[in-house]
2 protein chains.
Amino acid sequence: MMHRLAILSDLAEQYRAVIEKENLPDLTIESTPGPDTDILLGNPHLMKNILASLPALSWVQSTSAGVELLMDSSLRRDYVLTNARDVFGRLMSEYIFGYLLAHERQIFQRFADQQAKRWNDENTGVLYGKTIGLLGVGSIGAEVAKTAKFFNMTVRGYTQKSEMSADVDHYFHGNDLLKFANGLDYLVSILPNTKETRKIVNADVLNALPTHALFISVGRGSAVDESALLNALTQNKIAGAVLDVFEKEPLPQDHPFWTTPNLLMTFHTSAPSLPEDIAKLFIENYKLFNQGKPLKFQVDFEKGY
Amino acid sequence: MMHRLAILSDLAEQYRAVIEKENLPDLTIESTPGPDTDILLGNPHLMKNILASLPALSWVQSTSAGVELLMDSSLRRDYVLTNARDVFGRLMSEYIFGYLLAHERQIFQRFADQQAKRWNDENTGVLYGKTIGLLGVGSIGAEVAKTAKFFNMTVRGYTQKSEMSADVDHYFHGNDLLKFANGLDYLVSILPNTKETRKIVNADVLNALPTHALFISVGRGSAVDESALLNALTQNKIAGAVLDVFEKEPLPQDHPFWTTPNLLMTFHTSAPSLPEDIAKLFIENYKLFNQGKPLKFQVDFEKGY
């Protein structure tokens, strides 16, 4: 059987180039989705509204990890949805450890010293020996845990049930969220957007952190109670925050976060989708698909991830 | 036989506390060095001028990796000199990867975006897949190489002869310095101060680098031709430099580096000596010393490291 793939992404040309080079069997790449399209590859934002018009649709490969736009209960669920996972873990680790190191090594403060021509040879902090807490330990969290162990850190993980990563030293579940937060040097949220994770990082969690703690948010902005975080930062209840995701994106111009002290922000860019990596993942999954085998990284519509 | 240790360091009290807790056999810790002192632990800067006055001196443990102050040909060499090695590799790796990530992830530029309330969601660079070149692959270089492999990078090493680290993908020696530099994304100097390394990072090496390359210097400042580096940066022959060490330290107030564009500096703080780590190393070596066994990390007075 001949399969028909449509690609819906700003980077469609790059995906197409990598995939075409592979000469995958039984595959035609269409320039626009049509009645015979059985495979979609793309951005959930661009795919969402076209799902209903594709009678032959059988498999959707998301180019992002987050697929909550496709979880809307008004949308069909009679196809296999796979998302991008492994590829983001390494890149998100780079982001998280870049900002952790910038914090410990006081990279901004040393630049201020330089500008003031001040030879400041006081010791900075180090990652070595610190304790990091991961809210959510899926494939991305597992990669972050691995990186933390590489840097000789202690790793705590808070999950619903799973204890998949062996790089997590201590797992916490359910009602043990505050116990998990207590004494952390760094708290990192890698949670998806689900009913259970909504505003899970609230005033209680932020109060449970030591005052020297740094909070990093890279999953979905909905996991954070933004006004509680604003309070924690302005009242110096924690040392700082690094946010890549927000309740509303792009962040509204009048949002207080733009000017909140000790808050660094980036713009939903912690894990850039490298077309090459995503295309590889698609190629791997296509081979399974074409053989009628189960695909990698299938999303459970009930759980939402 | 009873051994007598004197500690010469700004952190002497911390070293003493850790060592005393260990209850090492046959060891007395003196408050000042005297005629019976056979062991010194400390900073080369503080030990240098006292060496001649210690007739019983048998072993000197340096708290730093760099011991060039003790290489002066006017000084005695009739004792075993050991330096601090393993402990710095991890901390220096933190420094190097902190600044590499700050560079790739554009941490300063994103802060400027934040200050301008600009939602800039362009992709940043990544470490993944990049090529790093290490000038010098001793115990610190080996740790940096290991970290680079962890981040999925390609590693080149330039050494006099040794090829000890298996994490280096390609070794270069002797006349192949420019070949080594050609095409590197990052060049990192971890060289000690010896005759052979003097101004080894010169105009030719800097010209051999791609214009997008970042140079990081954490070994000794003497390995860098500072005026060649100044030219390379002001003429945009390379993208940037991060310097922790300088020809003259503290850097003179009128040195152009304070205000050179695309240059970030720190103040000989890339690998803070953690008293606990250094004390552990001393304790380990003392046990060997007391049993008449060869010590770890002996310095060769001829080679200078």
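Residues numbered from 1 in each chain as written. Chains lettered and ligands numbered in written order. Predicted model: local features only at pLDDT ≥ 70, side-chain atom pairs only at ≥ 80, totals over all residues. Heavy atoms only, no water.

Q: For this particular structure, what's the right way to read the overall build of chain A?
A: If you tally the helices and strands in chain A, you get 9 helices and 12 strands. Relative to the compact-globule value of 19 Å for 305 residues, chain A shows a C-alpha radius of gyration of 21 Å, a close match. If one aligns the C-alpha atoms of chain A with their principal axes, the spans along those axes are about 65 × 45 × 40 Å. Within chain A, buried positions represent 56% of all 305 residues. In chain A, of all internal contacts separated by at least 6 residues, the share reaching a separation of at least 24 is 59%. Summing over all exposed atoms, chain A offers an accessible surface of approximately 13,100 Å²; the carbon and sulfur share of this is 48%. Each charge sign in chain A was given a centre, from 29 positive and 36 negative side chains, and these centres are 2 Å apart. (Helix = DSSP H or I, 4+ residues; strand = E, 2+ residues; numbered from the N terminus. Rg over C-alpha atoms; globule rule 2.2 N^0.38 Å. Buried < 20%, exposed > 50% of the residue type's maximum accessible area, 1.4 Å probe, protein only. Contact = heavy atoms within 4.5 Å. Areas by Shrake-Rupley, 256 points an atom, 1.4 Å probe, with all protein chains shown as cover. Lys, Arg positive; Asp, Glu negative; His and termini not counted. Charge placed at Lys NZ, Arg CZ, Asp CG, Glu CD.)

Q: Is there a simple way to explain the pattern of salt bridges in this structure?
A: Between side chains of opposite charge, a pair can form as their charged atoms come close. Residue and element names in this part refer to chain A. One pass over the structure, following the stated rule, counts 30 salt bridges over all chains. Lys296 is paired through a salt bridge with Glu284; the nearest N and O atoms lie 3.1 Å apart. Linking Lys296 in the segment after helix 9 (275-290) with Glu284 in helix 9, this pair joins segments that are 12 residues apart in sequence. Here Lys296 falls in the partly exposed class, since its relative accessible area comes to 29%. (Salt bridge = Lys/Arg side-chain N within 4 Å of Asp/Glu carboxyl O.)

Q: Where do I start with the interface of chain A and chain B in this structure?
A: Size of an interface, as often reported, equals the accessible area lost when the parts are brought together. Each side of the interface is counted separately: chain A has 52 residues, and chain B has 52 residues. Interface area, chain A with chain B, both sides summed: about 4,800 Å², of which 68% is carbon and sulfur. Considering only the surface of chain A that becomes buried against chain B, A:Glu94, A:Trp119 and A:Phe267 emerge as the three largest contributors, covering 18% of it. For the pair chain A and chain B, the interface holds 2 salt bridges. Taking the shortest distance from any N to any O, the salt bridge between A:Glu94 and B:Arg105 comes out at 3.6 Å. Connecting chain A to chain B are 16 residue pairs in polar contact (both at pLDDT 80 or more). (Buried area = accessible area lost by both parts, 1.4 Å probe. Polar contact = N/O pair within 3.5 Å; in protein donor to acceptor, adjacent residues only side chain to side chain.)

Q: Is there a simple way to explain the sheet that holds strand 4 (residues 59-62) of chain A in this structure?
A: Residues and elements named next belong to chain A. Taken in spatial order, the 5 strands line up as 2-1-3-4-5 in an open sheet, and their pairing is parallel. With partners counted over all chains shown, the strands left at the sheet margins are strand 2 (27-30) and strand 5 (80-82), one partner each. Across the sheet, the mean angle separating the axes of adjacent strands is 20° when strand polarity is ignored. Examined bridge by bridge, strand 3 (residues 39-42) and strand 4 share 4 bridges and lie parallel to one another. (Pairing = 2+ DSSP bridges. Axes fitted to C-alpha atoms, helices over the stretch in contact; angles between N-to-C directions.)

Q: Honestly, the relation of the copies chain A and chain B in this entry has me stumped. Any pointers?
A: Here two copies of a chain appear, and what relates them is a rotation about an axis with a shift along it. Once chain A is rotated about the relating axis by 180° and shifted along it by 0.0 Å, it coincides with chain B to within an RMSD of 0.0 Å. Such a combination of turn and shift is consistent with a two-fold rotation axis. Across chain A, the smallest distance between a C-alpha and the rotation axis is recorded for A:Gly98, namely 2.7 Å. Most of the interface of chain A is mirrored in chain B, where 100% of its interface residues are also at the interface. (Least-squares fit on C-alpha atoms with pLDDT ≥ 70 in both.)

Q: Looking at this model, I keep getting lost on the sheet that holds strand 8 (residues 170-172) of chain B. Mind explaining?
A: Strand-to-strand pairing in sheets goes through backbone hydrogen bonds, with the strands running parallel or antiparallel. Residues and elements named next belong to chain B. The sheet built from 7 strands is open, its strands ordered 8-7-6-9-10-11-12 with parallel pairing. Bordering the open sheet on either side are strand 8 and strand 12 (263-265), each of which pairs with just one other strand. Pairwise comparison of adjacent strand axes, ignoring direction, gives a mean angle of 15° for this sheet. Pairing of strand 7 (residues 154-158) with strand 8, which is carried by 3 bridges, proceeds in the parallel orientation.

Q: Looking at this structure, I do not really get the confidence of the model for chain A. What am I missing?
A: For residues with low pLDDT, the predicted coordinates do not support detailed interpretation. Of all residues in chain A, 100% have pLDDT values of 70 or greater, and the mean over the chain is 95. As scored by the predictor, the complex reaches a pTM of 0.82 and an ipTM of 0.82. (pLDDT = per-residue confidence, 0-100.)

Q: Would you mind showing me how to read the side chain of B:Asn83 here?
A: Residues and elements named next belong to chain B. Tracing the backbone shows Asn83 in the loop between strand 5 (80-82) and helix 3 (86-104). Of note is the side chain of Asn83, whose polar atom sits 2.9 Å from the backbone oxygen of Ala65. Those residues in contact with Asn83 that sit more than four places away from it in its chain are Gln61, Ser62, Ser64, Ala65, Val67, Leu281, Phe297 and Val299.

Q: When you look at the domain arrangement of chain A in this model, what are you seeing that I'm missing?
A: All names here are of chain A. Segmentation of chain A into domains returns domain 1 (3-84 + 273-290) and domain 2 (88-265). Taking only C-alpha atoms into account, the centre of domain 1 sits 32 Å from that of domain 2. On the side of domain 2, 5 residues touch domain 1, which itself brings 10 residues to the contact. Each partner contributes to the roughly 530 Å² buried at the junction of domain 1 and domain 2, and carbon and sulfur atoms together form 61% of this total. Summed over the shared surface of domain 1 and domain 2, the number is 1 salt bridge. Salt-bridge contacts for Glu68 lead to Arg220; the nearest nitrogen and oxygen are separated by 2.6 Å. Counting every contact that joins domain 1 to domain 2 gives 1 residue pair in polar contact (both at pLDDT 80 or more). Classifying every residue of the side of domain 1 that touches domain 2 gives 4 nonpolar, 4 polar and 2 charged. (Domains from an automatic or database assignment. Nonpolar A, V, L, I, M, F, W, Y, C, P; charged D, E, K, R; others polar.)

Q: Is there a simple way to think about the nonpolar core in this case?
A: The tendency in soluble globular proteins is for nonpolar side chains to be buried as a group. Formed by 114 residues in total, the largest nonpolar core has its most connected members in A:Ile19, A:Phe282 and B:Ile19. In this view, B:Ile19 contacts B:Leu5, B:Ile7, B:Leu24, B:Leu27, B:Ile29, B:Leu41, B:Ala279, B:Phe282 and B:Ile283; residues no more than four positions away in its chain are not counted. (Core = buried A, V, L, I, M, F, W, Y, C linked by side-chain atoms within 4.5 Å.)

Q: Explain helix 4 (residues 107-115) of chain A here, please?
A: Helical geometry note: an α-helix holds 3.6 residues per turn, so side chains three or four residues apart project in the same direction. A:Ile107, A:Arg110, A:Asp113 and A:Gln114 are the residues of helix 4 of chain A that are buried. Along the axis of helix 4 of chain A, the buried residues cluster in a sector spanning 115°; they form a single face. Contacts from the buried residues of helix 4 of chain A go to helix 3 (86-104) of chain A together with helix 3, helix 4 (107-115) and strand 12 of chain B. A:Lys117 occupies a position one or two residues after helix 4 of chain A and carries a positive phi of about 50°. (Arc of directions from axis to C-beta.)

Q: Explanation requested: the packing of helix 1 (residues 12-21) of chain A against helix 9 of chain A in the structure shown.
A: Working note: a packed helix pair is described by the angle between its axes plus the distance between those axes. Residues and elements named next belong to chain A. Running from N to C, helix 1 and helix 9 point in directions that differ by 50°, and their axes come no closer than 9 Å. Between helix 1 and helix 9, the angle falls in the class oblique. Seen along the crossing, helix 1 lies across helix 9 with a hand that is right-handed. Across the interface between the two elements, Gln14, Tyr15, Val18 and Ile19 of helix 1 pack against Pro275, Ile278, Ala279, Phe282 and Ile283 of helix 9. Looking at the contact of helix 1 with helix 9 residue by residue, the class counts come to 8 nonpolar, 1 polar and no charged. (Parallel < 35°, antiparallel > 145°, perpendicular 65-115°, else oblique. Left-handed = near helix turned anticlockwise from the far one by under 90°.)

Q: How do you make sense of empty space enclosed by the protein when you look at a structure like this?
A: To find leftover empty space, one rolls a probe the size of a water molecule over the atoms. Scanning the model with the defined rule gives 4 cavities of 30 Å³ or more in all. Within this model, the largest cavity holds a volume of roughly 60 Å³. Lining the largest cavity are A:Arg90, A:Ser93, A:Glu94, A:Glu143, A:Thr147, B:Phe150, B:Phe151 and B:Asn152. Counting only elements with at least two residues in the lining of the largest cavity, the list comes to helix 3 and helix 5 (139-150) of chain A. At 3 residues, helix 3 of chain A tops the list of elements feeding residues into the lining of the largest cavity. Residue classes in the lining of the largest cavity are distributed as 2 nonpolar, 3 polar and 3 charged. (1 Å grid on protein atoms, 1.4 Å probe; cavity = no way out; pocket = protein on both sides within 12 Å on 5 of 7 lines; lining within 4 Å. Points joined across faces, edges and corners; volume = space filled by probe spheres on them.)

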